Amino acid sequence: MSNPLGFGWKIHGDGRTIRPGTVVAPDERLNWLQTTGVGVQHVMAMFGATVLVPALTGFPATTTLLFSGIGTLLFLMVTGGRVPSYLGSSFAFLAPVGAATATHGMSGALGGILAAGVALFAVGAIVQKSGVGWIHALMPPVVMGTIVALIGLNLASATASAMHQVPLTTFATVAAVVVSAVLFKGMLGRLSILVGIVVGYLVALAQGQVDFSKVSEAGWLGAPAFTSPTFHADVLPLFLPVVFVLIAENIGHVKTVALMTGRDLDHVNGRALMADGAATILAGAGGGSGTTTYAENIGVMASSRVYSTAAYWVAGGAAILLAFFPKVGAVINTIPMGVSGGAGIVLYGMIGIMGARLWVQNKVDFSNPINLMTAGSGLIVAIALIEPLDFGGLQFGGIAMGTALTLAVFHLMRVIARARGTEPTDAPEDEGAAPSKLG
């Protein structure tokens, strides 16, 4: 790169074709017409999942789009153009945002998002200085897999109302998502969530479940709605587990990109974490959803063989432009309960299974009672605690309590077992977490 911000891309070959056996590297690009085309594909890949988060939480969709676009450009600058990535809405924030909104409104939830961003940025600064070894020691695969899984399983109850009240719409959406994921090839197959939402929306429309009154009231052009955060002591513990998930997803994303491009990117791990932390801070300060690196866009890179960060500049810019069309946000806000509930069944389930995938990938030995009790106790607490526990005026939900118990059980049992020589305690070598397909 010709400067630390990552501009000055070299032309790959003749700028029109990709040579056999090669890829367009992060510091290369095709001609601007083709680069723009790939950038538009990235917008399509991130759109369904990114706008579903504000649809589920009640946040303004256009504000979320704005901060995802800004966050993406910030990520590219902080990482010096070395890591191609789109920062979309993280589903790990759904449960704490829902709990915080119920008690302190949207502004209270934004305070939690901002605090999570600060924590992630601080972790990134430490990683940039000392590496990621201490993270793997604190959160070995059994711990990280459990934390990811319990977030998805804790969210399961949020889909119950949709299943009871509008079952046809809910399960039509589920069917459309799962069928389109295997029915279509290429880009359309990777957009199965978006396809499912469209199909479910049409089913809801046929049943008169869609209210268009706000769409006609919305203008064609206008600035997104901004909201300031407020801070509450009982909200902050809700967001701590999210930080752990964001750490795993960012490190996994960097590792995946390094493997796909054949480049050593270990030295960029800290910068990637700091960049996502900064993007989440901005989102929390203005009314957007917390961000994370998006594996949906890795699929676009794998199919196109274009890893150019120039395409992500196009995608980020396009998301920012979309944010200034209020009708886009108004249409997104008409998504009815059955559609969001149906999408949630698939998404929350996938988050839960993502945790199990981390166990499988890292060969977690569940014949070891330390691993068995760590995972079992954390999951049960997260599933059982639908209503938060109150400790001295502070409320702790299932995700916060499950995460705390997971960490405490693993490290307490391991320390005692090592001291007493009663159990093999060497955790399998951490091979790194693969990035989430959900963000």
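- Taking an unreviewed UniProt entry as the reference, the chain is identified by name as Nitrate reductase belonging to Zafaria cholistanensis.
- The heading Subcellular location (unreviewed entry) in the UniProt record of the chain holds the text "Membrane".
- UniProt lists a comment for the chain under the heading Sequence similarities (unreviewed entry), and it reads "Belongs to the nucleobase:cation symporter-2 (NCS2) (TC 2.A.40) family."

**Considering the layout of surface pockets**
And step 1. One number sums up the size of the largest pocket: a volume of about 750 Å³.
And step 2. In terms of lining, the largest pocket is formed by 37 residues, of which the most central are Leu94, Ala95, Gly98, Ala99 and Leu155.
And step 3. If you list the elements that add at least two residues to the lining of the largest pocket, you get helix H1 (32–57), helix H3 (94–130), helix H5 (141–154), helix H6 (160–165), helix H16 (337–361), helix H17 (369–384) and helix H18 (398–420).
And step 4. Considered class by class, the residues forming the lining of the largest pocket number 23 nonpolar, 12 polar and two charged.
And step 5. Space inside the second largest pocket adds up to approximately 220 Å³.

**Describing the environment of Ala315**
And step 1. Looking at the secondary structure, you find Ala315 in helix H14 (residues 309–322).
And step 2. Along the chain, Ala315 and Leu73 lie 242 residues apart, while their C-alpha atoms are 9.0 Å from each other.
And step 3. Excluding anything up to four places from it in sequence, Ala315 contacts Gly39, His42, Val43 and Tyr86.

**Digging into the packing of helix H2 (residues 61–78) against helix H12 (residues 269–286)**
And step 1. One can describe the packing of H2 onto H12 by two numbers: an axis separation of 9 Å at closest approach and a directional angle of 155 degrees. When the axis of H2 is compared with that of H12, the two are roughly antiparallel. At the point where H2 passes H12, the crossing takes the right-handed sense. Residues Thr63, Phe67, Ile70, Gly71, Leu74, Phe75 and Val78 of H2 form the contact with H12, whose own contacting residues are Arg271, Ala272, Ala275, Asp276, Ala278, Ala279, Leu282, Ala283 and Gly286.
And step 2. Of the residues belonging to the contact of H2 with H12, the class tally is 11 nonpolar, three polar and two charged.

**With respect to a nonpolar patch on the surface**
And step 1. On the surface, Val178, Val179, Leu183 and Phe184 cluster together into a nonpolar patch covering about 350 Å² of accessible area.
And step 2. Inspection of the secondary structure puts Leu183 in helix H7 (residues 167–183).
And step 3. Note on Leu183: relative accessible area 57%, which makes it exposed.

**With respect to the packing of aromatic side chains**
And step 1. Tallying each qualifying case throughout the model produces five aromatic pairs.
And step 2. Residues Phe67 and Phe226 carry aromatic rings whose centres are separated by 6.2 Å and whose planes lie at 80 degrees to one another, so their mutual orientation is edge-to-face. In this pair, Phe67 is assigned in helix H2 and Phe226 in the loop between helix H10 (213–217) and helix H11 (236–261), connecting sequence segments 159 residues apart.
And step 3. Ring plane angle 45 degrees and centroid distance 6.2 Å describe the contact between Phe93 and Phe239, whose orientation is recorded as tilted. Here the residue Phe93 occupies a position in the loop between strand E3 (87–89) and H3, and Phe239 occupies one in helix H11, the gap between them amounting to 146 residues.

**A look at the nonpolar core**
And step 1. Within the largest apolar cluster, 93 residues are counted, with the highest numbers of intra-cluster contacts made by Phe91, Phe93, Met139, Ile151, Phe239 and Ile247.
And step 2. Considering each element in turn, this core owes the most residues, 13 residues, to H11.
And step 3. In contact with Phe239, other than residues within four places in its own chain, are Phe93, Pro96, Val97, Ala100, Ala109, Gly112, Ile113 and Ala116.
And step 4. Grouped together as the second largest cluster of nonpolar side chains are six residues, Ile18, Val38, Val306 and Ala311 included.

**Overview of unusual backbone geometry**
And step 1. Even without being glycine, Lys363 reaches a positive phi, approximately 55 degrees.
And step 2. One can find Lys363 in the loop between H16 and H17.
And step 3. Its relative accessible area of 62% is what places Lys363 among the exposed residues.

**Focus: the pattern of salt bridges**
And step 1. Under the criterion given, the structure shown has three salt bridges.
And step 2. Measuring nitrogen to oxygen at the nearest pair gives 3.7 Å for the salt bridge that ties Lys10 to Asp27. In this pair, Lys10 is assigned in strand E1 (residues 10–11) and Asp27 in the loop between E1 and strand E2 (28–29), connecting sequence segments 17 residues apart.
And step 3. Judged by relative accessible area, which is 12%, Asp27 ranks as buried.
And step 4. A single salt-bridge network, built from bridges that share partners, covers Lys10, Asp27 and Arg263.

**Let's talk about H1**
And step 1. In this model H1 runs 37 Å from its N-terminal to its C-terminal C-alpha over 26 residues, within 8% of the 38 Å that 1.5 Å per residue would give.
And step 2. The largest bend along H1 measures about 45 degrees and falls at Phe47.
And step 3. Capping the start of H1 is the job of one residue whose side-chain oxygen sits 3.2 Å from the backbone nitrogen of Leu33: Asn31.
And step 4. Once H1 ends, the next one or two residues include Gly58, with phi positive near 85 degrees.

**With respect to H16**
And step 1. Look at H16: 35 Å from first C-alpha to last across 25 residues, which is about the 36 Å you get at 1.5 Å a residue.
And step 2. Of all the bends in H16, the greatest measures close to 25 degrees and is centred on Gly344.
And step 3. Lys363, located one to two residues past H16, shows a positive phi value of around 55 degrees.

Rules of the game
- Residues numbered from 1 in each chain as written.
- Predicted model: local features only at pLDDT ≥ 70, side-chain atom pairs only at ≥ 80, totals over all residues.
- Heavy atoms only, no water.
- UniProt positions renumbered as here; feature names shortened; annotations may be inferred.
- 1 Å grid on protein atoms, 1.4 Å probe; cavity = no way out; pocket = protein on both sides within 12 Å on 5 of 7 lines; lining within 4 Å.
- Points joined across faces, edges and corners; volume = space filled by probe spheres on them.
- Helix = DSSP H or I, 4+ residues; strand = E, 2+ residues; numbered from the N terminus.
- Nonpolar A, V, L, I, M, F, W, Y, C, P; charged D, E, K, R; others polar.
- Contact = heavy atoms within 4.5 Å.
- Axes fitted to C-alpha atoms, helices over the stretch in contact; angles between N-to-C directions.
- Parallel < 35°, antiparallel > 145°, perpendicular 65-115°, else oblique.
- Left-handed = near helix turned anticlockwise from the far one by under 90°.
- Patch = residues over 30% accessible without salt bridge, like charges linked within 9 Å, V, L, I, M, F, W, Y side chains within 5 Å.
- Areas by Shrake-Rupley, 256 points an atom, 1.4 Å probe, with all protein chains shown as cover.
- Salt bridge = Lys/Arg side-chain N within 4 Å of Asp/Glu carboxyl O.
- Buried < 20%, exposed > 50% of the residue type's maximum accessible area, 1.4 Å probe, protein only.
- Phe/Tyr/Trp six-rings, centres within 6.5 Å; stacked < 30°, edge-to-face > 60°.
- Core = buried A, V, L, I, M, F, W, Y, C linked by side-chain atoms within 4.5 Å.
- Expected span 1.5 Å × (residues − 1).
- Bend = angle between axes of the 7 residues up to and from the residue.
- Polar contact = N/O pair within 3.5 Å; in protein donor to acceptor, adjacent residues only side chain to side chain.

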